[in-house]
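Now for the letters of each chain:
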Amino acid sequence: MRPIFSYDAVVVGAGPGGSTAARTLAGAGVKTLLVEKRQEIGAAVRCGEVVGPRSVMARFIDIDESWVYQDIDELWLFPPGGRRLTAHFPRCGMVVDRKRFDKALAIEAARTGADVWTKARVTGLTRTPEGIRVHIRHLGEDRTVSARVVVGADGVEFLVVRWAGIRTALGLARVFSAVQYPLTGVEGPSHTLRFYFGNTVAPGGYLWIFPKTGGTANVGLCLSPALQKGRRAVDYLDAFVARHFPASSSVEMVMGGIPVGGPLKTLVSDGVVLVGDAGHQVNPLSAGGIVNAMETGVMAGEVIVEALKRNDVSAQRLEAYDRRWNDRAGNLYRLHARLRRMYYKLSDADLDRLGDRLEEQVRGRNPDDLYTFGFAASVVRSMAWMIPKFRFMVGKET
Amino acid sequence: MSRIAVEGEICGYCGGCVIVCHDDAITLQEVQLTIDEKCTLCNACVVFCPVGALTMVETMEERGKANGSTGVP
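Here the structure is a predicted model, which is why all the values come from computation and not from measurement.

What to know about the domain arrangement of chain A
All names here are of chain A. Each assigned domain of chain A is listed with its residue range as follows: domain 1 (4-45 + 99-168 + 264-313), domain 2 (71-94 + 171-259) and domain 3 (336-397). Of all residues in domain 1, the largest losses of buried area upon contact with domain 3 belong to N283, P284 and L285, amounting jointly to 92% of the total for that side. The tally of links between domain 1 and domain 3 comes to 0 salt bridges. Counting across the domain 1 and domain 3 interface gives 2 residue pairs in polar contact (both at pLDDT 80 or more). Tallied by class, residues from the side of domain 1 that touches domain 3 come to 2 nonpolar, 2 polar and no charged.

Listed below in structure tokens is the structure:
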């Protein structure tokens, strides 16, 4: 069958990574198609909905108050012992409405010149001497699109990834299992993110309360399924909600898996580039991934533009993207992944001691400092000194 | 034979189980999760599922064997 549609680039998945990649490509004059399997971009949400501060988000999109719930000025951390640690970080992030936010990003991509198909499910890809054929089921019809490059931004469903032959399946210790209720009737400050830690709260992960508007908040948790001891993520969340917000009701149920294994060896193959969750570009400690998805959407877009200009979309050429991602996050994320594995081994008493120590280490710093290699290394050192089972690490290279 | 069963009314179609499947046996199409014959019953997806939508079930034949019967009711 002859392709009816022909594009330079097909972007699979209209989340923050896909839409940003599509906009970057279209903005450079690349003929781009953005396909989304769902009928509505942004729904259903699979996210805690906290993103970076205005200054960071403004690099990717004009801030529109219609998708901003709250600006964040403070973090409250609750180690299992019940103390509250407070970090005052004015305007360190935002809680957003992902349904609106994702749509706004896709609209930007369309406005820049990308074609957008919704309710368009990729059913397969085939390589031809000219490039890649993307088979798409769109509004009940089978369509074939020829493309030179495919961007896999299809999240944890990994369709493009598998087809490209990049192995990404992870063991249970390298994923988080997550569940969240947007709850009504949640009291508390509206510019503060609350985090709860502990082996009975969220083993290997944490529980969060992210304020929205009108007394609603996203109350959710992520945990390590390797440590959950026969209870499911939803059981832990239900127990917390029953204890802390017995009068609340949930207006939605959000769930998902988060690849927190750290950087993949490669994010490219011939004619294929992975972006965002599909490429495991998630912070392996915080499990945050939206800013990364947008950042790598831009990075991937720029590398593809250059590759198309040189008429070479081979893996070797596209590896420029691997190098850029590795320079940006490789060492930091490998260390964060290591910190997460250490964190898995902490008892509740250890967590309390670490909390006290972190409070000192964080004092007087700004939030950007906390995302540096140096800070992560200092936390590894603190843990090694404080916690007997890690003492063997002291003096060794961290 | 045992198999992994999907409880469609519990499943939230998040696709998270796909991450932990080393057999490439799980496919999510919109609101339908399917597990195909590549599944080796490693149980990782069952442990992973945040809401407990996946369970390992034994068919009659398997249960029959365990009981020392022929599996014929």
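A word on the packing of helix α1 (residues 16-27) of chain A against helix α6 (residues 290-309) of chain A
All names here are of chain A. Between α1 and α6, the least distance of the axes is 7 Å, while the angle of their chain directions is 30 degrees. One way to sum up the angle between α1 and α6 is to call them roughly parallel. For the pair α1 and α6, the crossing hand works out as right-handed. Within the contact between the two elements, α1 uses P16, G17, T20, A21, T24 and L25 and α6 uses I290, A293, M294, G297, V298, G301, E302, I304 and V305. Along the lines of polarity and charge, the residues of the contact of α1 with α6 split into 9 nonpolar, 5 polar and 1 charged.

Examining the packing of aromatic side chains
Residue and element names in this part refer to chain A. Evaluation of the coordinates by the stated rule reveals 12 aromatic pairs over all chains. Considering the side-chain rings of F5 and W117, the 5.0 Å spacing of their centres and the 80 degrees angle between planes classify their relative orientation as edge-to-face. Taken together, the residues span a long stretch of sequence, with F5 in strand β1 (residues 5-6) and W117 in strand β7 (residues 115-117) at a distance of 112 residues. Given the relative accessible area of 9%, W117 is considered buried. Centroid distance W325 to Y333: 5.8 Å. Interplanar angle 80 degrees. Geometry classified as edge-to-face. There is no split in this pair, since W325 and Y333 are both buried.

Some words on the pairing of strand β6 (residues 85-96) of chain A
Residue and element names in this part refer to chain A. Sheet topology places strand β4 (residues 50-51) next to β6; 2 bridges connect them, and they run antiparallel. Counterpart to V50 in the pairing with β6 is V95. Two successive antiparallel strands, strand β5 (residues 68-78) and β6, enclose a turn made up of 6 residues, where G82 displays a positive phi of approximately 105 degrees.

Quick word on the interface of chain B and chain A
With 23 residues of chain B at the interface, the matching set in chain A holds 31 residues. For the pairing of chain B and chain A, the buried interface totals around 2100 Å² over both sides, and the portion due to carbon and sulfur atoms is 58%. The interface formed by chain B and chain A contains 11 residue pairs in polar contact (both at pLDDT 80 or more). Breaking the side of chain B that touches chain A down by element, the ones donating at least two residues are α1 (16-20), β2 (26-29) and α2 (44-48) of chain B. Broken down by element, the residue count for the side of chain B that touches chain A peaks at 4 residues, all from α1 of chain B. A per-class count over the side of chain B that touches chain A returns 15 nonpolar, 6 polar and 2 charged.

Calculation rules
- Residues numbered from 1 in each chain as written.
- Chains lettered and ligands numbered in written order.
- Predicted model: local features only at pLDDT ≥ 70, side-chain atom pairs only at ≥ 80, totals over all residues.
- Heavy atoms only, no water.
- Domains from an automatic or database assignment.
- Buried area = accessible area lost by both parts, 1.4 Å probe.
- Salt bridge = Lys/Arg side-chain N within 4 Å of Asp/Glu carboxyl O.
- Polar contact = N/O pair within 3.5 Å; in protein donor to acceptor, adjacent residues only side chain to side chain.
- Nonpolar A, V, L, I, M, F, W, Y, C, P; charged D, E, K, R; others polar.
- Axes fitted to C-alpha atoms, helices over the stretch in contact; angles between N-to-C directions.
- Helix = DSSP H or I, 4+ residues; strand = E, 2+ residues; numbered from the N terminus.
- Parallel < 35°, antiparallel > 145°, perpendicular 65-115°, else oblique.
- Left-handed = near helix turned anticlockwise from the far one by under 90°.
- Contact = heavy atoms within 4.5 Å.
- Phe/Tyr/Trp six-rings, centres within 6.5 Å; stacked < 30°, edge-to-face > 60°.
- Buried < 20%, exposed > 50% of the residue type's maximum accessible area, 1.4 Å probe, protein only.
- Pairing = 2+ DSSP bridges.

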